[in-house]
Amino acid sequence: MKESSNIQKSSKEDLSPLLIKGIRLARLRMVKEKALHDQDVVLGDAEGKVIYVPAKDLVEEAQRLYDEICEQYPDIPSPAR
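What comes next is a walk through the structure. (Residues numbered from 1 in each chain as written. Predicted model: local features only at pLDDT ≥ 70, side-chain atom pairs only at ≥ 80, totals over all residues. Heavy atoms only, no water.)

Regarding the pattern of salt bridges
- Following the criterion strictly, the structure yields two salt bridges and no others.
- The partner of K49 in a salt bridge is E47, with the nearest N and O atoms 3.5 Å apart.
- Notably, a salt bridge pairs R64 with E68, separated by 2.8 Å at the nearest N-O pair. Separated by four residues within a single helix, R64 and E68 lie in helix α2 (residues 59–72), roughly one turn from each other.
- Accessibility expressed as a relative area gives 36% for E68, which makes it partly exposed. (Salt bridge = Lys/Arg side-chain N within 4 Å of Asp/Glu carboxyl O. Helix = DSSP H or I, 4+ residues; strand = E, 2+ residues; numbered from the N terminus. Buried < 20%, exposed > 50% of the residue type's maximum accessible area, 1.4 Å probe, protein only.)

Examining the pairing of strand β2 (residues 50–54)
- Where strand β1 (residues 40–44) and β2 come together, five bridges link them in antiparallel fashion. By the bridge assignment for β2, D40 is matched with P54. (Pairing = 2+ DSSP bridges.)

What to know about unusual backbone geometry
- For D38, which is not a glycine, the phi torsion comes out positive at approximately 55°.
- Take D38: it is sitting in the loop between α1 (2–36) and β1.

Thoughts on the side chain of K21
- Turning to its location among the elements, K21 is positioned in helix α1.
- D67 is the oppositely charged side chain nearest to the buried, salt-bridge-free K21, at an N-O distance of 9.2 Å.
- Residues contacting K21, with those up to four places away along its chain left out, are Y66, I69, C70, I76, P77 and S78. (Lys, Arg positive; Asp, Glu negative; His and termini not counted. Contact = heavy atoms within 4.5 Å.)

Set out below in structure tokens:
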């Protein structure tokens, strides 16, 4: 029983960076697409209010976050587009 628990824990730990990378890549692609069409991204602030931010203002941050995870986990391949 212990061995099975260790295997499940290991799988979850391996999956977490992959999920983070996928989410950051999806966000980057969405922000870039919206920026091409001069659209806003709808976000929530710390107080739960809805705010509209021009996508072009978010591209640099989204790219930086994606690059960070790629550098942190270089063994995780980037998906082909």
